Amino acid sequence: MDLFNDQPESQINLLPHNGTVHYYGALMTQSEAHDYLNKLLETIAWKNDEAIIFGKLIITKRKVAWYGDSRFKYTYSNTTKEALPWTNELLQLKALAEETTGETYNSCLLNLYHDGSEGMAWHSDGEKDLKKNGAIASMSFGAERKFAFKSKHTKETITTILQNGSLLVMKDETQTHWLHRLPPTKLVSKPRVNLTFRTIVMKEQP
Ligand SMILES: O=C(O)CCC(=O)C(=O)O
Ligand SMILES: [Fe+2]
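Analysis parameters
- Residues numbered from 1 in each chain as written.
- Chains lettered and ligands numbered in written order.
- Predicted model: local features only at pLDDT ≥ 70, side-chain atom pairs only at ≥ 80, totals over all residues.
- Heavy atoms only, no water.
- Donors = N, O, S within 2.8 Å, 3.2 Å for Na, K, Ca; no water.
- Tetrahedral: all angles 85-135°; square planar, octahedral: opposite > 155°, others 65-115°.
- Helix = DSSP H or I, 4+ residues; strand = E, 2+ residues; numbered from the N terminus.
- Buried < 20%, exposed > 50% of the residue type's maximum accessible area, 1.4 Å probe, protein only.
- Near = heavy atom within 4 Å.
- Polar contact = N/O pair within 3.5 Å; in protein donor to acceptor, adjacent residues only side chain to side chain.
- Areas by Shrake-Rupley, 256 points an atom, 1.4 Å probe, with all protein chains shown as cover.
- Nonpolar A, V, L, I, M, F, W, Y, C, P; charged D, E, K, R; others polar.
- Patch = residues over 30% accessible without salt bridge, like charges linked within 9 Å, V, L, I, M, F, W, Y side chains within 5 Å.
- Salt bridge = Lys/Arg side-chain N within 4 Å of Asp/Glu carboxyl O.
- Contact = heavy atoms within 4.5 Å.
- UniProt positions renumbered as here; feature names shortened; annotations may be inferred.
- Pairing = 2+ DSSP bridges.
- Axes fitted to C-alpha atoms, helices over the stretch in contact; angles between N-to-C directions.
- Core = buried A, V, L, I, M, F, W, Y, C linked by side-chain atoms within 4.5 Å.

- Under the annotation held in an unreviewed UniProt entry, the chain carries the name Alpha-ketoglutarate-dependent dioxygenase AlkB and is attributed to Flavobacterium frigidarium.

**Observations concerning the coordination of the iron ion (ligand 2)**
Consideration 1: Distances from the iron ion (ligand 2) to its protein donors, His123 (NE2), Asp125 (OD), Asp125 (OD) and His180 (NE2), fall within 2.1 to 2.6 Å.
Consideration 2: Metal-centred angles of 50 to 169 degrees between the six donor atoms at the iron ion (ligand 2) mark the site as irregular.
Consideration 3: Ordering the donors of the iron ion (ligand 2) by residue number gives the pattern H-x1-D-x54-H. Taken together, the residues span a long stretch of sequence, with Asp125 in the loop between strand S8 (120–123) and strand S9 (136–142) and His180 in strand S13 (residues 178–182) at a distance of 55 residues. Residues Asp125 and His180 agree in their burial class; the two are buried.

**Here we look at the site of ligand 1**
Consideration 1: Near ligand 1 there are 13 residues, and of these Asn111, Tyr113, Asp125, Arg192 and Arg198 occur at the shortest range.
Consideration 2: Between an oxygen atom of ligand 1 and a side-chain N or O atom of His123, the distance comes to 3.1 Å.
Consideration 3: With respect to ligand 1, the side chain of Asn194 contributes an N or O atom lying 3.4 Å from an oxygen atom.
Consideration 4: Out of a free accessible area of 290 Å², ligand 1 has 97% covered by protein chains.
Consideration 5: Elements with a minimum of two residues in the shell around ligand 1: strand S7 (107–113), S8 and strand S14 (192–198).
Consideration 6: Ranked by residues supplied to the shell around ligand 1, first place goes to S14 with four residues.
Consideration 7: Residues of the shell around ligand 1, tallied by class, amount to five nonpolar, five polar and three charged.

**Observations regarding a nonpolar patch on the surface**
Consideration 1: On the surface, Ile52, Leu57 and Ile59 cluster together to form a nonpolar patch covering roughly 270 Å² of accessible area.
Consideration 2: Mapped onto the secondary structure, Ile59 falls in strand S3 (residues 56–68).
Consideration 3: Note on Ile59: relative accessible area 54%, which makes it exposed.

**Let's talk about the environment of Arg198**
Consideration 1: Residue placement: Arg198 occurs in strand S14.
Consideration 2: Spatially, the C-alpha atoms of Arg198 and Leu41 are 21 Å apart, while their sequence positions differ by 157 residues.
Consideration 3: Every residue in contact with Arg198, bar those within four places of it in the chain, is listed here: Tyr74, Tyr105, Asn106, Ser107, Leu109, Asp125, Glu127, Leu130, Ala135 and Ile136.

**Describing the pattern of salt bridges**
Consideration 1: Throughout the structure, instances matching the rule amount to three salt bridges.
Consideration 2: Asp49 serves as the salt-bridge partner of Arg62, at 3.7 Å between the closest nitrogen and oxygen. Of this pair, Arg62 sits in strand S3 while Asp49 sits in strand S2 (residues 47–53), and the two are 13 residues apart along the sequence. Here Arg62 and Asp49 have matching classes, each one buried.

**As for the UniProt feature "domain: Fe2OG dioxygenase" (unreviewed entry) in the chain**
Consideration 1: Per the UniProt record, "domain: Fe2OG dioxygenase" (unreviewed entry) is annotated on residues 104–201.
Consideration 2: Note that residues 104–201 is 4% helix and 50% strand, and that its end C-alpha atoms are spaced 12 Å apart.

**Some remarks on the sheet that holds S8**
Consideration 1: Spatially, S8-S13-S10-S11 is the arrangement adopted by the four strands of the open sheet, whose pairing is antiparallel. Single-partner strands in this sheet number two, and they are S8 and strand S11 (157–162). Neighbour-to-neighbour, the strand axes of the sheet open up by a mean angle of 15 degrees, direction not taken into account.

**Regarding the nonpolar core**
Consideration 1: Counting 26 residues, the largest nonpolar core has Leu40, Leu93, Leu110, Phe141, Leu195 and Phe197 as the members making the most contacts within it.
Consideration 2: Among the secondary structure elements, those contributing two or more residues to this core are helix H1 (30–43), S3, helix H2 (88–101), S7, S9, strand S12 (166–171) and S14.
Consideration 3: Counting residues per element, this core draws most heavily on H1, which supplies four residues.
Consideration 4: In contact with Leu40, other than residues within four places in its own chain, are Trp46, Glu89, Leu90, Leu93, Leu110, Phe141, Val193 and Leu195.
Consideration 5: By size, the runner-up hydrophobic cluster in this structure holds 21 residues, among which are Leu130, Leu162, Trp178 and Ile200.

**With respect to the side chain of Ser140**
Consideration 1: Among the secondary structure elements, Ser140 is positioned in strand S9.
Consideration 2: Sequence-distant contacts of Ser140, that is, excluding residues within four places in its chain, are made with Leu162, Gln163, Asn164, Gly165, Ser166, Arg192, Val193 and Asn194.

Structure below.
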C-alpha cells in the first residue's frame, strides 16, 4: 500500500484505458515461492516449444507445458497441444489464483525461461479457443523479470516487474487492445517459471 493512495495495490488498474490489469505482488513468502519453483522444475513435463512462423518450424529455447481440466486441445502459433492432467502443485496454485482474483480457470500454460536471454515477443493472448475477454492469471516464480504492455492504438507502453511468487491478472478488453511481452535482459542469469491460468471454451472436441 502506498501512503498517499488508499487503494490497495491490487485495485489499481495498470492500464490507462481499454483493458484491466491488476498486480497483486507476492502472494506467499519468498521461501515458499522458491519451493514452488523447485517443485515445478522437477515435476512439470517441460518441452521446447514449437511454432510455425511464415511456414517455417521454429523450436524455442524456452520450454513450455500445458495442463488442464480434461484433455483439452489448444491451438496457438499454428501448433496444437493436448493438455496433461493437473499436478498437485498446479491445483494448489490454481486455487490460490481463483481465490485471489475471484475468477475460475480450467487450464494453464507454463513457460520456463532458463535465464534472461530467453523472453517472449510482443503478442496478445486472443486465440479463438480462449473465452472472449476472460481473465488470464499470471503467476511468476524465480528470477524477477520486467513485463511490458503496449497499446495497439497509441503505442504507449506500461512496464511492471513480476516478483517471485507474484500474481498479475489481465482481463476485460486487454487482449483486444494491448500487446504484452517479456523482454530479454542481460541482467538475469537465473531461471523463471511463469504460469498463465486461462479459460478454454468447451467445444466439440474430436
Ligand atoms: O512469462 C510471462 O510472464 C508471460 C507469458 C505469456 O505472455 C504467455 O504465456 O502468453
Ligand atoms: Fe501472453
